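Chain residues, written in single-letter form:
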Amino acid sequence: MARNFKKKKEENELIIKFEEHLKNKASHFFDLDSFDFIIQYFLDLGKYNRALSATNLAMEQYPFSTELLITKAQILTNLQSYEEAIELLDQAESFQPNDAEIHFLKGSIFSLQGSYEEAIDAYEKNLVFTEDKDETYYSIGLAYQSMDKYDEAIEAYKNTIELNIYHEGALYELAYCLDIKGELQGSIAYYKKFIDADPYSQAAWYNLGIVYNKLENFEDAIKAYEYAVLIEEHFSSAYFNMGNTYVSMKQYTKALDAYKKTLDIEGASPEVYYQLGITYEKMEQYELGLKYYQKAAKLDTLYHEAWFGAAECLKNQEKWHQSIHFYNKALKLDQENSAYWKAIGDAEYHVGNIISSVDAYEEAGMLAPDDKDIWLSWSYIYYEQGEYNKAIDL
């Protein structure tokens, strides 16, 4: 405890000395390790300009440090100064052409700029020198996917998985690309190959479950998820997906059990609370649905779907005034959602706010002109008010 306190005190003093140095209140010398700590300190706080100042000062004292060139390029990337970052990496490459990190960072910057061909070239150079080839293949896959070159992306993701069966990003993106190509059914044999090689791979079973679920082969999806949690009892993602599959099967009690198991493992989660809300709503247990939607929204106040779900539960209990309050919370976060405007139109009508109802339906109609329900509900209001010509015009 005393040792940790002393270390923390020394680190704080180091930051104070650096700040004093910048303000010309004192002159201090910092070795390279001290600069590394100072730079990382500001990066962790998201203070990129301060980190840049520290890096520039370090480069004055250590002008031949390739590591500092790379660090400055990373900071400039965070500041979206991409061209300057690339120039620094070109300089670093001239000093250390075999440095894998330089090529990977170049690829990342080119991807951020939308220059995917150049990104792939940089990543392929990285493959020659890096030990983390799975991450590089994954990045190549993302670049090809951004170019809508799904066959090349699929090959890159498969290369990633061959090296690391537990790479969740590659497994997910592979399933997405195969779905786009209409090749999900054929991918089952691919995942089974991994299971044959390692029957105790929870990741392979888990992703096989995802494929079966996408194919709406729900029974086999559940079996795959069950194998995954049998191998790894704390596999929360498998329990969560199991819950989603049970909802699709309308086996709501089993879905609730799976979601609650997810909570037991990973603790409070807005996504899990939201799914519990959906499940209780489908079971017409609206008070419980409302409870869990509100729990989700409390953890993530920007979760507009949760606010909308709460409003729907109140609407289904004909608590119209309360539902309007929650609909408006959802709408404030997603004003381009026609379903939200339509729901507000319906709720406002039921509390007698005809003008507000018409305004809401008008907004909904502009956002979703092909939704017949909007126009029918809107025209019905005019019909009820005796404005038959307006009703006919709609």
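Reading the values: the criteria
- Residues numbered from 1 in each chain as written.
- Predicted model: local features only at pLDDT ≥ 70, side-chain atom pairs only at ≥ 80, totals over all residues.
- Heavy atoms only, no water.
- Helix = DSSP H or I, 4+ residues; strand = E, 2+ residues; numbered from the N terminus.
- Rg over C-alpha atoms; globule rule 2.2 N^0.38 Å.
- Buried < 20%, exposed > 50% of the residue type's maximum accessible area, 1.4 Å probe, protein only.
- Patch = residues over 30% accessible without salt bridge, like charges linked within 9 Å, V, L, I, M, F, W, Y side chains within 5 Å.
- Areas by Shrake-Rupley, 256 points an atom, 1.4 Å probe, with all protein chains shown as cover.
- Salt bridge = Lys/Arg side-chain N within 4 Å of Asp/Glu carboxyl O.
- Expected span 1.5 Å × (residues − 1).
- Arc of directions from axis to C-beta.
- Contact = heavy atoms within 4.5 Å.
- Axes fitted to C-alpha atoms, helices over the stretch in contact; angles between N-to-C directions.
- Parallel < 35°, antiparallel > 145°, perpendicular 65-115°, else oblique.
- Left-handed = near helix turned anticlockwise from the far one by under 90°.
- Nonpolar A, V, L, I, M, F, W, Y, C, P; charged D, E, K, R; others polar.
- Phe/Tyr/Trp six-rings, centres within 6.5 Å; stacked < 30°, edge-to-face > 60°.
- Core = buried A, V, L, I, M, F, W, Y, C linked by side-chain atoms within 4.5 Å.

Once that is clear, we can look at the overall build of the protein. Broken down by element type, the protein carries 23 helices and 0 strands. Here the C-alpha radius of gyration of the protein, 28 Å, is well above what a compact globule of 394 residues would show, namely 21 Å. Seen through its principal axes, the protein has C-alpha atoms that stretch 80 × 60 × 50 Å. When burial is assessed residue by residue, the protein has 46% of its 394 residues classed as buried.

Let us now look at a nonpolar patch on the surface. A cluster of nonpolar residues, Tyr380, Tyr383, Tyr388 and Ile392, forms a patch on the protein surface that exposes about 490 Å² of accessible area. At the level of elements, α22 (372-384) and α23 (388-393) are the ones that each hand at least two residues to the nonpolar patch. In this structure Tyr380 comes out as partly exposed when scored by relative accessible area, which is 42%.

Relative to the 20 Å expected for 14 residues at 1.5 Å per residue, helix α21 (residues 354-367) spans 20 Å between its end C-alpha atoms, a close match to the ideal helical length. Those residues of α21 that sit buried are Ser357, Val358, Ala360, Tyr361, Ala364 and Gly365. Summarising the axial view, the buried residues of α21 lie within an arc of 160°, below the 170-degree limit, and thus occupy one face. Opposite the buried face of α21, at more than 90 degrees from it, the exposed residues are Ile355 and Met366. Taken together, the buried residues of α21 touch α20 (338-350) and α22.

This brings us to the packing of helix α9 (residues 150-163) against helix α10 (residues 168-180). It is the contact of α9 with α10, at a shortest axis distance of 9 Å, that shows an interaxial angle of 150°. When the axes of α9 and α10 are compared, the pair comes out roughly antiparallel. The two elements α9 and α10 meet at a crossing, and its hand is left-handed. Contacts between α9 and α10 involve Tyr150, Ala153, Ile154, Tyr157, Lys158, Thr160 and Ile161 on the former and, on the latter, Ala170, Leu171, Glu173, Leu174, Cys177, Leu178 and Ile180. The class makeup of the residues in the contact of α9 with α10 is 11 nonpolar, 1 polar and 2 charged.

Turning next to the environment of Glu284. Looking at where Glu284 falls in the secondary structure, it is placed in the loop between α16 (270-282) and α17 (286-299). With a relative accessible area of 58%, Glu284 lands in the exposed category. Remark: the alpha-carbon pair of Glu284 and Asn316, spanning 32 residues in sequence, is separated by 8.5 Å.

If you check the backbone angles, Gln80 has positive phi at about 65° while not being a glycine. In this fold, Gln80 is placed in the loop between α4 (66-78) and α5 (82-95). The phi angle at Glu216 is positive, at roughly 60°, despite the residue not being glycine. On the secondary structure map, Glu216 appears in the loop between α12 (202-214) and α13 (218-231). What makes Glu216 exposed here is its relative accessible area of 60%.

To continue, consider α5. Between its first and last C-alpha atoms α5 spans 20 Å; for 14 residues at 1.5 Å apiece the expected length is 20 Å, and the two agree. Packed against the buried residues of α5 are α4, α6 (100-112) and α7 (116-129).

Throughout the structure, instances matching the rule amount to 20 aromatic pairs. Centre to centre, the rings of Trp375 and Trp378 are 5.3 Å apart; their planes meet at 20°, and the pair counts as stacked. Linking Trp375 with Trp378, this pair stays in helix α22, spanning 3 residues, or about one helical turn. Accessibility expressed as a relative area gives 9% for Trp378, which makes it buried.

Remark: α21 packs on α22, axes separated minimally by 10 Å, with the N-to-C direction vectors making an angle of 155°. The orientation of α21 relative to α22 falls into the category roughly antiparallel. Between α21 and α22 the crossing geometry is left-handed. Residues Ile354, Ser357, Val358, Tyr361, Glu362, Ala364 and Gly365 of α21 lie in contact with α22, whose contacting residues are Ile374, Trp375, Ser377, Trp378, Ile381 and Tyr382. When its residues are assigned to classes, the contact of α21 with α22 shows 9 nonpolar, 3 polar and 1 charged.

This part is about the nonpolar core. Nonpolar side chains in soluble globular proteins tend to be buried together. Residues Ile38, Ile161, Leu174, Tyr191, Leu208, Met242 and Leu276 are the most contacted members of the largest nonpolar core, which totals 126 residues. In this structure Ile38 touches Leu14, Ile15, Phe18, Phe30 and Ala54, once residues within four positions along its chain are discounted.

Quick look at the pattern of salt bridges now. In this structure the tally under the stated criterion is 9 salt bridges. Here Lys315 ties to Glu312 by a salt bridge, and the two come within 3.6 Å at their closest N and O atoms. A residue pair is termed a helical-turn pair when its members lie 3 or 4 positions apart in one helix, as Lys315 and Glu312 do in helix α18 (residues 304-316) at 3 residues. Overall, Lys315 belongs to the partly exposed group, its relative accessible area being 22%. For Asp371, the salt bridge is made with Lys342, and the minimal N-O distance between the two is 3.0 Å. Placement of the pair is Asp371 in the loop between α21 and α22 and Lys342 in helix α20, with a sequence separation of 29 residues. Accessibility expressed as a relative area gives 21% for Asp371, which makes it partly exposed.

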